[in-house]
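Coordinate analysis (summary)
Here is what each chain is made of, one letter per residue.
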Amino acid sequence: GTCGGEGRVFTEQQEALVVKSWGVMKKNAADLALKLFLKIFEIAPSVKNLFSFLRDSKVPLEQNTKLKPHALSVFTMTCESAVQLRKGGIAAAKETTLKRLGASHLKYGVVDEHFEVLKYALLETIKEGIPEMWSVEMKEAWAEAYDQLVSAIKAEMKPSS
Ligand code: HEM
């Protein structure tokens with residue numbers, strides 16, 4: 001708000017950067033998904049064990065069609081988060097989705113470090129996906145939308161709820 005001190009502001013320009021770049025990148029969704037997963041496993045190979053469809057799979061990563069839905073969820077929900085942030089926050093608008101994601105990711109064994117690895121991999125994937133559109137502003141817009149989404153998911157990752 002204009003008085004400050006009530007957290008970070010997501011601007012119209014930041015929303016536009018996220019929406020526009022995702023509009024370009026989603027034409028290559030399968031390729032992006034593979035890239036995103038490869039980067040995650042490069043940094044944290046053990047993450048493979050969290051995913052049921054990778055744990056027991058003999059299919060090479062490049063041929064695994066199940067990578068795409070998770071990567072797409074991460075991209076689209078981060079993009080939606082950017083749009084909702086402009087409208088005043090994501091918590092209310094997506095409460096049931098966030099509750100479900102919080103509960104399920106707790107159960108899968110996802111911890112803070114995993115969200116950090118995904119953030120790094122996501123930003124690198126975007127950087128390589130749209131080199132001609134990449135900028136510090138672009139990076140900050142995606143990072144902020146992702147951080148806000150993740151903090152909303154984490155808020156629902158309570159063992160007792
Ligand atoms: C499953 C979204 C971050 C690991 C899912 C599903 C969605 C989703 C929609 C489908 C099933 C369900 O609803 O529970 C997201 C979003 C994320 C995120 C939006 C962050 C913005 C992560 C991270 C990890 C992770 C950081 C771990 C590195 C998993 C696993 C599954 C899953 C292991 C189950 C896959 C399977 O075995 O079928 N996620 N996720 N997710 N996610 Fe995420």
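What this report covers is the structure whose coordinates are included nearby. Since the model is a prediction, treat every value here as computed from it, not as a measurement. The written sequence of each chain sets the order in which its residues are numbered from 1. Reporting of local features is limited, given that this is a predicted model, to residues whose pLDDT is at least 70; pairs of side-chain atoms are given and counted only at 80 or more, and all residues count toward the totals for whole chains, interfaces and linings. Only heavy atoms go into the side-chain values, all of them from the structure, while hydrogens and water stay out.

Comments concerning the coordination of the iron atom of the ligand
- Coordinating donors are taken to be N, O and S atoms lying within 2.8 Å of the metal, or within 3.2 Å when the metal is Na, K or Ca; because water is excluded from the atom set, some sites may appear incomplete. The iron atom of the ligand binds to the protein through His70 (NE2) and His105 (NE2); the donor distances cover 2.0 Å.
- Every angle between 85 and 135 degrees makes a four-donor site tetrahedral, while opposite donors more than 155 degrees apart, with all other angles between 65 and 115, make a four-donor site square planar and a six-donor site octahedral; other sites are irregular. One can describe the donor arrangement at the iron atom of the ligand as octahedral, given that its 6 donor atoms subtend angles of 89 to 179° at the metal. Of this pair, histidine 70 sits in helix H4 (residues 67–86) while histidine 105 sits in helix H5 (residues 95–108), and the two are 35 residues apart along the sequence.
- Relative accessible area serves as the criterion here: at 25%, histidine 70 is assigned to the partly exposed category. Helix numbers and strand numbers start at the N terminus; a helix is a DSSP run of H or I with at least 4 residues, a strand a run of E with at least 2. Between buried and exposed lies partly exposed: a residue is buried under 20% and exposed over 50% of the maximum accessible area for its type, with that area taken using a 1.4 Å probe on protein chains only.

Concerning the packing of H5 against helix H7 (residues 136–155)
- Where helices are involved, their axes are fitted lines through C-alpha atoms of the stretch in contact, as for all axes, and angles between N-to-C directions lie from 0 to 180°. Put simply, H5 and H7 touch, their axes get as near as 7 Å, and they point 70° apart. The orientation of H5 relative to H7 falls into the category roughly perpendicular. Read as a crossing pair, H5 and H7 show a hand that is right-handed. In contact with Leu98, Leu101 and Gly102 of H5, H7 contributes Leu149, Ala152 and Ile153. Relative orientations are named as follows: roughly parallel for angles under 35 degrees, roughly antiparallel for angles over 145 degrees, roughly perpendicular for angles from 65 to 115 degrees, and oblique for any other angle. We call a crossing left-handed when the near helix sits turned anticlockwise from the far one by less than a right angle, and right-handed when that turn is clockwise. Residue contacts are counted whenever heavy atoms from the two residues lie within 4.5 Å of one another.

Some thoughts on the environment of lysine 35
- With respect to the helices and strands, lysine 35 occurs in helix H2 (residues 29–43).
- Put simply, lysine 35 and glutamine 148 are 113 residues apart on the chain and 23 Å apart in space, counted from C-alpha to C-alpha.
- Beyond its immediate chain neighbours, meaning those up to four positions away, lysine 35 contacts Thr125 and Glu128.

Remarks on the environment of methionine 25
- If you trace the backbone, methionine 25 turns up in helix H1 (residues 12–25).
- Separated by 14 residues in sequence, methionine 25 and lysine 39 place their C-alpha atoms 17 Å apart.
- Setting aside chain neighbours within four positions, we find methionine 25 in contact with Leu32, Phe75, Ile126, Ile130 and Trp142.

Details of the pattern of salt bridges
- Every case where a carboxyl oxygen of Asp or Glu lies within 4 Å of a side-chain nitrogen of Lys or Arg is listed as a salt bridge. Considering all chains together, one arrives at 6 salt bridges under this definition.
- Measuring nitrogen to oxygen at the nearest pair gives 3.6 Å for the salt bridge that ties lysine 154 to aspartate 112. One end of the pair, lysine 154, is in helix H7; the other, aspartate 112, is in helix H6 (residues 112–129), with 42 residues separating them in the sequence.
- With a relative accessible area of 46%, aspartate 112 lands in the partly exposed category.
- A salt bridge links aspartate 147 to lysine 119, with the nearest nitrogen and oxygen atoms 3.1 Å apart. With a gap of 28 residues between them, aspartate 147 in helix H7 and lysine 119 in helix H6 connect regions that are remote in the sequence.

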